[in-house]
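The primary structure of each chain is shown beneath.
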Amino acid sequence: MEHRLWSSGASDKNKAMVEQLQRYGIIKSSKVAQVMETIDRGLFVPPGASPYFDSPMPIGYNATISAPHMHASCLELLEKHLQPGMRALDVGSGTGYLTACFAIMVGPEGRAVGVEHIPELVTSSIENIKKSAAAPQLTDGSLSIHITDGREGWPELAPYDAIHVGAAAPQIPQALIEQLKPGGRMVIPVGTMFQELKVVDKNQDGKVSIRDETAVRYVPLTSKDAQLQAN
Ligand SMILES: C[S@@+](CC[C@H](N)C(=O)[O-])C[C@H]1O[C@@H](n2cnc3c(N)ncnc32)[C@H](O)[C@@H]1O
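Figured I'd write up the structure that's included with this text.

What counts and what doesn't
Residues numbered from 1 in each chain as written. Predicted model: local features only at pLDDT ≥ 70, side-chain atom pairs only at ≥ 80, totals over all residues. Heavy atoms only, no water. Buried < 20%, exposed > 50% of the residue type's maximum accessible area, 1.4 Å probe, protein only. Helix = DSSP H or I, 4+ residues; strand = E, 2+ residues; numbered from the N terminus. Arc of directions from axis to C-beta. Polar contact = N/O pair within 3.5 Å; in protein donor to acceptor, adjacent residues only side chain to side chain. Phe/Tyr/Trp six-rings, centres within 6.5 Å; stacked < 30°, edge-to-face > 60°. Near = heavy atom within 4 Å. Areas by Shrake-Rupley, 256 points an atom, 1.4 Å probe, with all protein chains shown as cover. Core = buried A, V, L, I, M, F, W, Y, C linked by side-chain atoms within 4.5 Å. Contact = heavy atoms within 4.5 Å. Axes fitted to C-alpha atoms, helices over the stretch in contact; angles between N-to-C directions. Parallel < 35°, antiparallel > 145°, perpendicular 65-115°, else oblique. Left-handed = near helix turned anticlockwise from the far one by under 90°. Nonpolar A, V, L, I, M, F, W, Y, C, P; charged D, E, K, R; others polar. Pairing = 2+ DSSP bridges.

### With respect to helix α2 (residues 30-38)
Then comes step 1: Taken as a whole, α2 has its buried residues at V32, A33, V35 and M36. Projected down its long axis, α2 shows its buried positions confined to an angular sector of 170 degrees, all on one face. Across from the buried face of α2, at angles greater than 90 degrees, the exposed residues are S30 and Q34.
Then comes step 2: Between the side-chain oxygen at the start of α2 and the backbone nitrogen of K31 there is a gap of 3.1 Å, and the oxygen is on S29.

### Here's the deal with the packing of aromatic side chains
Then comes step 1: Overall, the coordinates contain 1 aromatic pair when judged by the stated rule.
Then comes step 2: Taken together, a centroid distance of 5.6 Å and an interplanar angle of 85 degrees make the contact between F44 and Y97 edge-to-face. Here Y97 lies in helix α4 (residues 97-106) and F44 lies in the loop between α2 and β1 (57-60), a separation of 53 residues in the sequence.

### Observations regarding the site of the ligand
Then comes step 1: The immediate surroundings of the ligand are formed by 24 residues, with H71, T95, E116, G150 and T222 found nearest.
Then comes step 2: With respect to the ligand, the side chain of T95 contributes an N or O atom lying 2.6 Å from an oxygen atom.
Then comes step 3: Protein contact buries 100% of the 590 Å² of open area that the ligand shows by itself.
Then comes step 4: Top contributing element to the shell around the ligand by residue count: strand β2 (residues 63-65), with 3 residues.

### What about the nonpolar core?
Soluble, globular proteins show a tendency: their nonpolar side chains are buried together.
Then comes step 1: Residues I27, M36, L75, L82, Y97, F102 and L197 are the most contacted members of the largest nonpolar core, which totals 48 residues.
Then comes step 2: A per-element tally of this core places α4 first, with 8 residues.
Then comes step 3: The contact partners of Y97, leaving out residues within four places of it in the chain, are M36, I39, R41, F44, I65 and H71.
Then comes step 4: With 20 residues, the next largest nonpolar core counts L89, V113, A169 and L180 among its residues.

### Structural notes on the packing of α2 against α4
If you want to describe how two helices pack, look at the angle between their axes and the distance between the axes.
Then comes step 1: Two numbers describe how α2 lies on α4: the axes approach to 10 Å, and their chain directions differ by 120 degrees. By the criterion of interaxial angle, the relationship of α2 to α4 is oblique. The hand of the α2/α4 crossing is right-handed. When α2 is examined against α4, the residues V35, M36 and T38 are found in contact with a partner set consisting of Y97, C101, I104 and M105.
Then comes step 2: Taken together, the residues of the contact of α2 with α4 break down into 6 nonpolar, 1 polar and no charged.

### Here's the deal with the side chain of T99
Then comes step 1: Following the sequence through the fold, T99 ends up in helix α4.
Then comes step 2: A relative accessible area of 0% places T99 in the buried class.
Then comes step 3: Those residues within four positions of T99 in sequence are excluded, and the remaining contacts are D90, S93, A112, V113, G114, L143 and I145.

### A few points about the pairing of strand β9 (residues 208-216)
Then comes step 1: Where strand β8 (residues 195-202) lies against β9, 8 bridges are found, and the strand directions are antiparallel. In the sheet register, D201 faces β9, and the bridge partner there is S209.
Then comes step 2: Count of turn residues in the β8/β9 antiparallel hairpin: 5 residues, of which G206 carries a positive phi of about 90 degrees.

Following this line, the structure appears as structure tokens:
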């Protein structure tokens, strides 16, 4: 009974967070609202942190779970490229939160792939996803998380309709541009001190166009050693 009361409280708070993002105009699409209601952020944030507070939270290993408004903005930017049956790559998948959202949006007939270079985060992200509404997709194989250097993408399942990069790259990795499908879109923070969230569109002829969406602040997309040594 206690457990049930706690669960419904958590999902109410998740819903309230989504409604607030809608009120602020960050979530515009009903599909994005729906997926963020379906995947409870509380299951992905380490104990002791405030999952529904609009701020990044430390997850260990010099990494963070991005703030709810950043997750929402990236889902908004990628929504048309996350239709049922499509393929999505989440680079620097961390807690697995966005990979789980992608899996729900592309459905079991699509593919959602997370890549992350810290093995412990891959293990905990899989545990998080198992508690979430995306759990069946881990079992049916339409959602998978892999330990690898995300700067190389995940060529085995390329090309992707949507690529999200959750850490800031000094420049856009060529491998990721190559793994983007014609008609596909990548959202990637680029920069070191000053970072811009870039929207990279590949048209049907393979021509790539890049625009700046907004200024952001992410942890770097770097080597595992450099990340673990950072203070
Ligand atoms: C800001 S966190 C975001 C994680 C995820 N989007 C979330 O909200 O839970 C960035 C993640 O990128 C990972 N990362 C950084 N460089 C990477 C690389 N070269 N390859 C794979 N993952 C990397 C970090 O370990 C971290 O988990």
